[in-house]
Amino acid sequence: MATTIEIEDTITVGALAERLMIPVTKLITELMKNGVMATVNERIDFDTAQIMITELGLDVELKESAHESEAPKREKPKASAKATSRPPVVAVMGHVDHGKTTLLDAIRGSSVAAKEAGGITQHISAYQIEHNGRKITFLDTPGHEAFAAIREHGAQLTDIVILVVAADDGVKPQTVEAIRYAQNAGVKIIVAITKMDKEGVDDNRIKQQLSEHNLLVEEWGGDTVTQSLSAKTGKGINELLDMILLVADVEDLRADVDVPARGLIIEAHIEVGRGPVATALVEAGVLKPGQFIVSGSTYAKVRNLETDNHKPLNEAGPSTPVTITGFKTLPEFGDEFMVVNSEKAARTQAENVANMRQTSSNRGISSNELLRLINRSNELSELNLIVKADVQGSLTSVVDSLATLNTEEVAVRIVSTGIGSITDNDLRLSKTTGAKIYGFNVVAPSAIRQQAVRDRIELHLYSVIYELIDDVKSELEKLLLPKVVETDLGTLIIRGVFNTTKTNVICGGEVTIGKLAVPAFARVKRDKQQIMEVELTNLKRGPTDVKEVLNGEMCGLSIKTSERLDLQLGDRLEVFSREIQQRHL
């Protein structure tokens, strides 16, 4: 009967060896056999421990010890009885190219879409407008599939989601994804049917498609509000803003202002002369310059507090998007921030979070990675990359998107990531690891580019995310072993053998199936047994060289062999072509 051992979801190699009552060196050796360089203090997860027990042939059954589930998804601050009304936070989501940014341009009176590379939004952007004397905060989220993490992040920040659907295109995969994010976040959805200025469009078709995804519009007996509009002509936009304020009134959005300010980091990047700069949304309290805030593993004394267009603010209340400078290091995309009483308190909290994250990052190899190492039939080919991006959100999207390209044969290995321009350190690391450098929305100074050329370092800069992903996909495809495709051509029966040397045979025969062509290969069959595989190098019909011979015709042929072939009358040649094809992911 197997011994049962109870362990937690992760355990160090040393502790597992002790529980299994085997020398730790034996366990480390087994891990190394499977391509895992582990130390006694390396942490492995529960599934990896099970795999190792199987590999060692131990009669042991592992049982995962009961532990508290992961912390629930972060909730928005709860308002007290003293809370006051606040502006609604509205995320604009939908399929790429359906006009989200164009709609926001019309609302804001700016032109952002023209400035965005590839005409698609590359980051979350946030700003406030006034309509009928009331403020509305808008978040523009990227539509390309690579930005799924940013869109989900945006949905969790908001009270209302404007789901943009183009009347001429309909509900698309990213539309469905946006619906799911909004429903999971429990926020109200207003559907904006755009491009109604185009001829032949029908918003009823869109409403039918929405009903197929559990969004039944009001006029059909449901509770989903829709507004048909044209961002190009401006028709319907005021009605959309009125609807937003109406929904906000029904939801009775409130927040406390007499509490320490807190909120969420939307984006973060490095600016020359200003250092780490974060875009954040205040959710409760009033944020002011000079206050100490902590966000994840970093903290700041708020040096500058600005609007989205860089105008200074004396304070920022709930639902206000702000730009903050003064952070010691770059805050993480999606981290919460909160005001604390002193720099000492901020530093202590940040250090505690940094230590926890470091412990978490040292969990060691995952079971999936170990299984891939154990079960691979061929050596896994890895593409080493250094990835730099302009802001944290973009970096997350790029890295997450690249991970989806991995297969059992080829995989992306991220050697290093960072925010900001390409540096000397990136070049040095590239030389050491052989990694290609990919930059998204960042620059490489002239001296860096020249050094990269001298050192033969591959440096790729992109401003459109799907172009970057396509490039990496192409590089991975080069690592795939090519596919050998064989196509049967025909069969020939040997009727005469005229000359035989060590590596060549000249013979003649009759084509009985299909046709013969050169160059080609053939399997020499005698009865049902294969004698040898050979190469056809020449065909003759009478004295004339030909490229092919058809069924029922007689011909002479030259055969190239790897060793001497004693061909006999009646032997059969099964002729085929062999083509090497590049495989694709």
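Residues numbered from 1 in each chain as written. Predicted model: local features only at pLDDT ≥ 70, side-chain atom pairs only at ≥ 80, totals over all residues. Heavy atoms only, no water.

**Brief notes about the pairing of strand β13 (residues 262–271)**
Our working rule: Note on classification: 1.4 Å probe, protein chains only; a residue is buried when its accessible area is under 20% of the maximum for its type, exposed when over 50%, partly exposed between these limits. We count a stretch as a helix when DSSP gives it H or I for four or more residues in a row; a strand needs E for two or more, and each element gets its number in order from the N terminus. Should DSSP find at least two bridges between two strands, the strands are regarded as paired.
The element β13 is extensively covered by neighbouring structure, given that seven of its ten residues are classed as buried. Pairing geometry for β13 and strand β14 (residues 275–284), over nine bridges, is antiparallel. Pairing of Arg262 across the sheet is with Ala284, part of β14. Following β13, the chain reverses through three residues before pairing antiparallel with β14; Gly273 in that reversal takes a positive phi of roughly 85°. Pairing geometry for β13 and strand β18 (residues 336–340), over three bridges, is antiparallel. Along β18, the bridge assignment pairs Arg262 with Met338.

**Considering the sheet that holds strand β8 (residues 134–140)**
Heads up, the condition is: Geometry is summarised by axes, namely lines fitted to C-alpha atoms with helices restricted to the contacting stretch, and by angles between N-to-C directions that run from 0 to 180 degrees. Any two residues whose heavy atoms approach within 4.5 Å at even a single point are treated as in contact.
Spatially, β7-β8-β6-β9-β10-β11 is the arrangement adopted by the six strands of the open sheet, whose pairing is mixed. Pairing within the sheet leaves two strands with one partner each, and these edge strands are β7 (125–131) and β11 (225–228). For this sheet, the mean angle separating the axes of adjacent strands, direction not counted, is 25°. Examined bridge by bridge, strand β6 (residues 89–94) and strand β9 (residues 160–166) share five bridges and lie parallel to one another. Across the sheet, the residue bridging to Val90 is Ile160, located in β9. Set on the sheet, helix α6 (residues 173–185) makes contact with β6, β9 and β10 (188–194); between it and β9 the angle comes to about 165°.

**Some points on helix α11 (residues 392–403)**
Stated precisely, the cut-off is as follows: What a helix should span is 1.5 Å times the count of its residues minus one.
Counted at 1.5 Å a residue, the expected span for α11 with its twelve residues is 16 Å, and the 17 Å between its end C-alpha atoms agrees. Every buried residue of α11 is listed here: Gln392, Gly393, Ser394, Leu395, Ser397, Val398, Ser401 and Leu402.

**Observations regarding the nonpolar core**
How we decide: Side-chain atoms within 4.5 Å are what join buried Ala, Val, Leu, Ile, Met, Phe, Trp, Tyr and Cys residues into a set we call a nonpolar core.
Counting residues in each nonpolar core, the largest one holds 26 residues, and the members touching the most others are Leu139, Leu163, Val191 and Leu210. Those elements that place two or more of their residues in this core are β6, β9, α6, β10, α7 (203–211) and β13. In terms of residue count, α6 provides more of this core than any other element does, four residues in total.

**Re a positive patch on the surface**
Quick reminder of the rule: Without a salt bridge and with relative accessible area above 30%, a residue can belong to a patch; like charges are then joined within 9 Å and nonpolar side chains (Val, Leu, Ile, Met, Phe, Trp, Tyr) within 5 Å. Computed with the Shrake-Rupley method and a 1.4 Å probe, the accessible areas treat only the protein chains shown as cover for residues. A side-chain nitrogen of Lys or Arg and a carboxyl oxygen of Asp or Glu constitute a salt bridge if their distance falls within 4 Å. His is not counted, nor are the chain ends; Lys and Arg add positive charge and Asp and Glu add negative charge. Where a charge sits is defined by one atom per residue type, namely NZ (Lys), CZ (Arg), CG (Asp) or CD (Glu).
Residues Arg303, Lys328, Lys344 and Arg347 make up a contiguous surface patch of positive charge. By the secondary structure assignment, Lys328 is in the loop between β17 (320–327) and β18.

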